[in-house]
Structures are given as structure tokens and as C-alpha cells.
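Structural features, examined
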Amino acid sequence: KAGVTQTPRYLIKTRGQQVTLSCSPISGHRSVSWYQQTPGQGLQFLFEYFSETQRNKGNFPGRFSGRQFSNSRSEMNVSTLELGDSALYLCASSLEVFAGYGYTFGSGTRLTVV
Amino acid sequence: DQQVKQNSPSLSVQEGRISILNCDYTNSMFDYFLWYKKYPAEGPTFLISISSIKDKNEDGRFTVFLNKSAKHLSLHIVPSQPGDSAVYFCAASGANQGGKLIFGQGTELSVKP
């Protein structure tokens, strides 16, 4: 079956712009989480959605937001981009909200802010 | 405050030998621990997990040990293969935190033929 699909794979944006990243989970998976990976901070949790509701949120400013649609697809948005937002953004999906199952990650969207 | 720490940024082992990757945590409320493997330009791949009520979980060549009193877990890979060369992350999740995983900084494993 198809894995977690993230689009686009690469993105270059200018400071001050906004960006929307998309994530299609594995068919049947209802939980979607987002992570930011940077060399300095490692993998950091952004937020998690389950059945269109945000279940958890990490320690990121309000410029970072997300949503989940009825088909479980998710988007995250970053407004007023800063150079420090350059990172690999990873989406992960799971059947339920239960860490013991393990989450399946997509290949990520590499965002570069110039 | 880094709640999950992998103190060794890199590890090199010979093919066929055992690889031991270590992870320490500070939060005693974590109830699940997971190991992920990551190749460049790919997302992390789930390897193995362990509940806080267990002290060992095994899956093929991979075994995870949990020492709650020391707040320490380790991943053993036996025997190590060149294809195991990747960055390994340990992660932890607390009760009712669901998909919120706290990751360590990762250990880059190199298995030499």
C-alpha cells in the first residue's frame, strides 16, 4: 500500500512569505503528526491531528498552524517566514493516537527560506 | 531541557559484530519508547518499541532493553550489517500524549565491511 506522501518535496521561499505543506497519510490512518527537523534542534514535534481535531501542540509560535480534512489529509501552514524556519518538515501517520504502534513517516518537505 | 538524550553522535562497528546504541531520558512519566532509523533524504523508519512495563523487546536482529531505574534504554543490533548504516533516533512518549514523540539527537551508525 502507498506510504505517507508529502508534497512538495522541495520548496524555496522568501522571508515574510507564507507556505503551505501537504501530507496524505496511509489509507485508513486517522492520526497525523508534524515534525520539524533542523541540524541544531533535531526532530521537534509541531502538532498532531486526529479526526480533524488538533490533539497536541508543540512549543512553536502561532505562525505555525495546521489542519486536517475529513479524508485525514493534513496541511500545515507557516506564515511570515523567517530564515530559521528553513528545515525538513516531516509528517507521520498512524491508525490511532497511540505511540506504541509507531508512526510511519513521509520523506518530508525540505523548506529553504532565503 | 532535553528530555531524551543520545550522547554518542556517532558509532562505528565491524560487520558481524554487535552494535549498541544508547539513550537516556529524564522524564519518568514516559510510557513508551521507540527507535527509528533514518537514511539521508528519507523520513525516519520505525524499528522497534517498548512499553515502560517491560524491560526487553526483541524483533529479529534488533533488541531494545529498558532500565527504568537508570532511565536508560539501549538498542542492540546483532549481527550488524552494512545496510544498517544510518542515523538512529530514540523517542519517547508520555501517557495521554499519543503521537507527540520526544526525540533524541540521533546517533550515526557506520557498519564497516
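**Here's the deal with the overall build of chain A**
Helix and strand counts for chain A come out as 0 helices and 11 strands. Listing the helices and strands of chain A from first to last along the sequence gives β-β-β-β-β-β-β-β-β-β-β. Relative to a compact globule of 114 residues, whose C-alpha radius of gyration would be 13 Å, chain A shows 13 Å and is just as compact. Expressed along its principal axes, the backbone C-alpha trace of chain A runs to roughly 35 × 25 × 25 Å. In chain A, which comprises 114 residues, the share counted as buried stands at 52%. Considering only residue pairs separated by 6 or more positions, chain A has 55% of its internal contacts joining residues 24 or more positions apart. Accessible area for chain A stands at about 5,300 Å²; split by element, carbon and sulfur atoms hold 47% of it. Side chains of chain A carry 11 positive and 6 negative charges; the gap between the two charge centres is 5 Å.

**Let's talk about the interface of chain B and chain A**
Listed per partner, the contact involves 20 residues of chain B and 24 residues of chain A. Interface of chain B and chain A: buried area, both sides summed, is about 1,600 Å²; carbon and sulfur atoms make up 57% of it. On the chain B side of the interface with chain A, the three residues burying the most area are B:Gly99, B:Lys100 and B:Phe103, jointly 26% of the side's total. Summed over the shared surface of chain B and chain A, the result is 4 residue pairs in polar contact (both at pLDDT 80 or more). Going through the elements one at a time, β4 (30–38), β5 (45–51) and β9 (86–94) of chain B are the ones with two or more residues in the side of chain B that touches chain A. If you tally residues by element for the side of chain B that touches chain A, the top one is β4(B), at 4 residues. Looking at the side of chain B that touches chain A residue by residue, the class counts come to 9 nonpolar, 8 polar and 3 charged.

**Some details on the sheet that holds strand β8 (residues 74–78) of chain A**
Residues and elements named next belong to chain A. Ordered in space as β1-β3-β8-β7, the 4 strands form an open sheet in which the pairing is antiparallel. On the outer flanks of this sheet lie β1 (5–7) and β7 (64–68), each paired with one strand and no other. When the angles between neighbouring strand axes are averaged without regard to direction, this sheet yields 20°. When β1 meets strand β3 (residues 19–24), the two strands line up antiparallel, connected through 3 bridges. When the bridges of β3 are listed, Thr7 appears paired with Ser22.

**Details of the side chain of A:Ser31**
Residues and elements named next belong to chain A. Summarising the element assignment, Ser31 is placed in strand β4 (residues 31–38). For Ser31, a relative accessible area of 0% gives the class buried. Side chain to side chain, Ser31 and Glu48 meet in a polar contact 2.8 Å long. Ser31 has contacts with Glu48, Tyr49, Phe50, Ala92, Ser93, Ser94, Leu95, Glu96, Val97 and Tyr103, leaving out every residue within four places of it along the chain.

How each quantity is defined
- Residues numbered from 1 in each chain as written.
- Chains lettered and ligands numbered in written order.
- Predicted model: local features only at pLDDT ≥ 70, side-chain atom pairs only at ≥ 80, totals over all residues.
- Heavy atoms only, no water.
- Helix = DSSP H or I, 4+ residues; strand = E, 2+ residues; numbered from the N terminus.
- Rg over C-alpha atoms; globule rule 2.2 N^0.38 Å.
- Buried < 20%, exposed > 50% of the residue type's maximum accessible area, 1.4 Å probe, protein only.
- Contact = heavy atoms within 4.5 Å.
- Areas by Shrake-Rupley, 256 points an atom, 1.4 Å probe, with all protein chains shown as cover.
- Lys, Arg positive; Asp, Glu negative; His and termini not counted.
- Charge placed at Lys NZ, Arg CZ, Asp CG, Glu CD.
- Buried area = accessible area lost by both parts, 1.4 Å probe.
- Polar contact = N/O pair within 3.5 Å; in protein donor to acceptor, adjacent residues only side chain to side chain.
- Nonpolar A, V, L, I, M, F, W, Y, C, P; charged D, E, K, R; others polar.
- Pairing = 2+ DSSP bridges.
- Axes fitted to C-alpha atoms, helices over the stretch in contact; angles between N-to-C directions.

Shape descriptors only; they carry no functional weight alone.
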